[in-house]
Amino acid sequence: MKTSRSVASPRVVCIEDFRPLARRRVPQSVFDYLDGGAEGEVTLRENCRVFEDVSFRPRHAVVTPECNLRTRVLGFELSLPFMLAPVGYSRLMHPGGEVAAARAAGQAGTAYILSTISGHRLEDVKAASNAPVFYQLYLMGGRAAAEAAIERARVAGFSALVVTIDTPVSGIRERDFRNGMKELVSGSPLQKIPFLPQILLRPGWLASFLLDGGLPGLPNVVVPGKGPLPLVDVAAALAESAVTWADLRWIRELWRGPIVVKGVLTGDDGRRAIDEGAVAISVSNHGGRQLDCVPASLRVLPEVVEAVNGQIEVWMDGGIRRGGDIVKAICLGARAVLCGRAYAYGLAAAGEAGVHRAIEILRADLERTLRLLGCPSVADLDRSYVNVPKSWD
Ligand SMILES: Cc1cc2nc3c(=O)[nH]c(=O)nc-3n(C[C@H](O)[C@H](O)[C@H](O)COP(=O)(O)O)c2cc1C
């Protein structure tokens, strides 16, 4: 109850207001895992900053009594033009984790994408939402584990597979190294000891974590005959989970539903995804967590949109913190966007209530921005509503 009041308070006016609340509730290692990026965090910063390069071209003296925020994604009608991105280890941020996020997304009428690296069973996550839920696939645990997860996702009613292609190895997130994230998640008790003081500084989080039973293994990465992947094996499994175009062809044999490729940063990869049977792509640099110094997602969105030439849906993710950011991405050709940290800060700060509040902030932003632009609906947004720097053309 305390957390619900705090997120409804005037302190949380925009997504950025969740950051200090999240920082205060979870241990430093968990906060930095969520907040940080790869190496010098150049792409992480640029993902957000680049939105400032695009300005609006409003149409004034226009009446927009009701703004329509609905959009169609993979044939599903969503109430909002943004979805919740896959965020690994959400259950570390709050015991509700992926179930809480999926429920909040469902209640808002939008889609949730469940990460392979999740702490809740995929069946429970699907059951939490009436809206579409998609499964994000890494080849952790090899093809046999992936095949088992794909079959479970099919039976549970997941509507699409989102295959992430930008993680041949995990990016170096320097904050995680300093905080001992690897030791804390998958080290021996002795290896954990030096990193425990920061955790003891967050007794509220620690109590909820222990009451939740601690972090289990990965219930959706089940190597046949071996059971769920234990945490001690996660780092090694991630290192061997690269997805190639050949793997995508193999995945397409197993999964008859829609396949989305996440992690496209060039027109060439966009066209390749079409050739390999994807029905949508997400222009994404993994929130600046993989290869540092790649361009901001928004910056390469026009190139990818032009290259795929309307043949498939283009989504984008990276740096979305305001409804205005979502509007800019749609004006530049995105069908919809994925929000990662924007809702995960809310989850870390206040569990499900925090995710609800984050979604509501973005929804209200969107409606206000459309009205101020003089645009009646998301479907009417196009490039005529924004100025982009000449150097982008
Ligand atoms: C803590 C964290 C964990 C993530 N885990 C995954 C993951 O398991 N799979 C994946 O495809 N993307 C993952 N991502 C990337 C997001 O899906 C998304 O691309 C990114 O967060 C977008 O940038 P934003 O956080 O600035 O919105 C993760 C992002 C964060 C912040």
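Scroll up to find the structure this text is about.
Residues numbered from 1 in each chain as written. Predicted model: local features only at pLDDT ≥ 70, side-chain atom pairs only at ≥ 80, totals over all residues. Heavy atoms only, no water.

J.: Before we go on, may I ask you to explain the overall build of the chain in this structure?
T.: When its secondary structure is counted, the chain shows 19 helices and 14 strands. Radius of gyration (C-alpha) of the chain: 20 Å, near the 21 Å computed for a compact globule of 393 residues. Considered along the principal axes of its C-alpha atoms, the chain spans approximately 65 × 50 × 40 Å. Pairs at least 24 apart in sequence give 73% of the contacts found in the chain among residues at least 6 apart. Entry remark: accessible area of the chain is about 16,100 Å², with carbon and sulfur atoms responsible for 55%. Across the chain, 46 positive and 42 negative side-chain charges occur, with their mean positions spaced 5 Å apart. (Helix = DSSP H or I, 4+ residues; strand = E, 2+ residues; numbered from the N terminus. Rg over C-alpha atoms; globule rule 2.2 N^0.38 Å. Contact = heavy atoms within 4.5 Å. Areas by Shrake-Rupley, 256 points an atom, 1.4 Å probe, with all protein chains shown as cover. Lys, Arg positive; Asp, Glu negative; His and termini not counted. Charge placed at Lys NZ, Arg CZ, Asp CG, Glu CD.)

J.: I keep staring at unusual backbone geometry and nothing clicks. Help me out?
T.: Excluding glycine, residues mostly carry a negative phi; peptide bonds, for their part, are mostly trans. The phi torsion at His286 lies on the positive side, around 65°, for a residue other than glycine. Exposure remark for His286: the relative accessible area of 13% places this residue in the buried category. A positive phi is found at Asn309, a non-glycine position, where the angle reads about 50°. On the secondary structure map, Asn309 appears in the loop between helix 17 (297-308) and strand 12 (313-317). (Buried < 20%, exposed > 50% of the residue type's maximum accessible area, 1.4 Å probe, protein only.)

J.: Explain the pairing of strand 6 (residues 133-137) to me, please; I cannot follow it from the model alone.
T.: Taken residue by residue, a regular strand's side chains alternate between the two faces of the sheet. With 5 of 5 residues buried, strand 6 is to be regarded as a mostly interior element. Because side chains alternate across strand 6, one face comprises the buried residues Val133, Tyr135 and Leu137, and the other comprises Phe134 and Gln136, equally buried. Crossover strand 5 (residues 112-114) to strand 6 through helix 7 (residues 122-127) is right-handed. Looking at chain direction, strand 6 and strand 7 (residues 160-164) are connected through 4 bridges and run parallel. Considered in strand 7, the bridge of Tyr135 is made with Leu161. A crossover connection joins strand 6 to the parallel strand 7 through helix 8 (residues 142-156); in handedness this β-α-β unit is right-handed. (Right-handed = clockwise from strand over helix to strand, strands pointing away. Pairing = 2+ DSSP bridges.)

J.: When you look at helix 8 in this model, what are you seeing that I'm missing?
T.: In an α-helix, one turn spans 3.6 residues; hence positions three or four apart end up facing the same way. Between its terminal C-alpha atoms helix 8 stretches 21 Å, which fits the 21 Å expected from 15 residues at 1.5 Å a residue. Buried within helix 8 we find Ala145, Ala146, Ala149, Ile150, Arg152 and Ala153. Buried residues of helix 8, seen end-on, are gathered within an arc of 165° and therefore sit on one face of the element. On its buried face, helix 8 sits against helix 7, strand 6, strand 7, strand 8 (218-223) and helix 15 (245-254). At the C-terminal side of helix 8, Gly157 shows a positive phi close to 100°. (Expected span 1.5 Å × (residues − 1). Arc of directions from axis to C-beta.)

J.: Can you walk me through the nonpolar core in this structure?
T.: The nonpolar side chains of soluble globular proteins are, as a tendency, buried together. Residues Tyr112, Met140, Leu298 and Met316 are the most contacted members of the largest nonpolar core, which totals 125 residues. At 16 residues, the largest contribution of residues to this core is made by helix 19 (residues 341-373). Setting aside its immediate chain neighbours within four residues, Tyr112 contacts Leu84, Glu98, Ala101, Ala102, Ala105, Val125, Pro132, Val133, Phe134 and Tyr343. Core analysis: the second largest hydrophobic core is formed by 15 residues, Ala85, Ala111, Ile113 and Val260 among them. (Core = buried A, V, L, I, M, F, W, Y, C linked by side-chain atoms within 4.5 Å.)

J.: Please clarify how the site of the ligand should be interpreted in this entry.
T.: Around the ligand, 22 residues are found, and the nearest of them are Pro86, Ser115, Thr164, Asp317 and Gly319. A distance of 2.9 Å is found between a nitrogen atom of the ligand and a side-chain nitrogen or oxygen belonging to Lys262. For the ligand, an oxygen atom lies 2.6 Å from a polar atom in the side chain of Asp317. Isolated, the ligand exposes 600 Å² of accessible area, and the fraction of that covered by the protein chains is 99%. (Near = heavy atom within 4 Å. Polar contact = N/O pair within 3.5 Å; in protein donor to acceptor, adjacent residues only side chain to side chain.)

J.: How should the packing of aromatic side chains be read in this particular structure?
T.: Think of a pair of aromatic rings as described by two things: how far the centres are apart, and how the planes are tilted against each other in angle. Taken as a whole, this structure holds 5 aromatic pairs when the rule is applied. Judged by centre distance (5.7 Å) and plane angle (70°), the ring pair of Tyr33 and Tyr89 falls under edge-to-face. Here Tyr33, found in helix 3 (residues 28-35), pairs with Tyr89, found in the loop between strand 4 (82-84) and helix 5 (90-93); they are 56 residues apart in sequence, far enough to count as distant. An angle of 25° between the planes, with centres 6.2 Å apart, marks the rings of Phe134 and Trp315 as stacked. Linking Phe134 in strand 6 with Trp315 in strand 12, this pair joins segments that are 181 residues apart in sequence. (Phe/Tyr/Trp six-rings, centres within 6.5 Å; stacked < 30°, edge-to-face > 60°.)

J.: For this particular structure, what's the right way to read the pattern of salt bridges?
T.: Should the charged atoms of two oppositely charged side chains come close, the side chains can pair. In total, this model carries 26 salt bridges according to the counting rule given. Across the pair Glu16 and Arg19 runs a salt bridge whose closest N-O atoms are separated by 3.0 Å. The exposure class assigned to Glu16 is partly exposed, which follows from its relative accessible area of 42%. Note that Arg249 is salt-bridged to Glu276, the shortest N-O span being 2.9 Å. Of this pair, Arg249 sits in helix 15 while Glu276 sits in the loop between helix 16 (267-275) and strand 11 (280-283), placing them 27 residues apart in sequence. (Salt bridge = Lys/Arg side-chain N within 4 Å of Asp/Glu carboxyl O.)

J.: Mind showing me how you'd approach the environment of Glu352 here?
T.: With respect to the secondary-structure elements, Glu352 resides in helix 19. Spatially, the C-alpha atoms of Glu352 and Val294 are 33 Å apart, while their sequence positions differ by 58 residues. When sequence neighbours within four positions are dropped, the list of residues in contact with Glu352 reads Ala100, Arg103, Ala104, Gln107 and Leu347. At a separation of 2.6 Å, a polar atom in the side chain of Glu352 contacts the side chain of Arg103.

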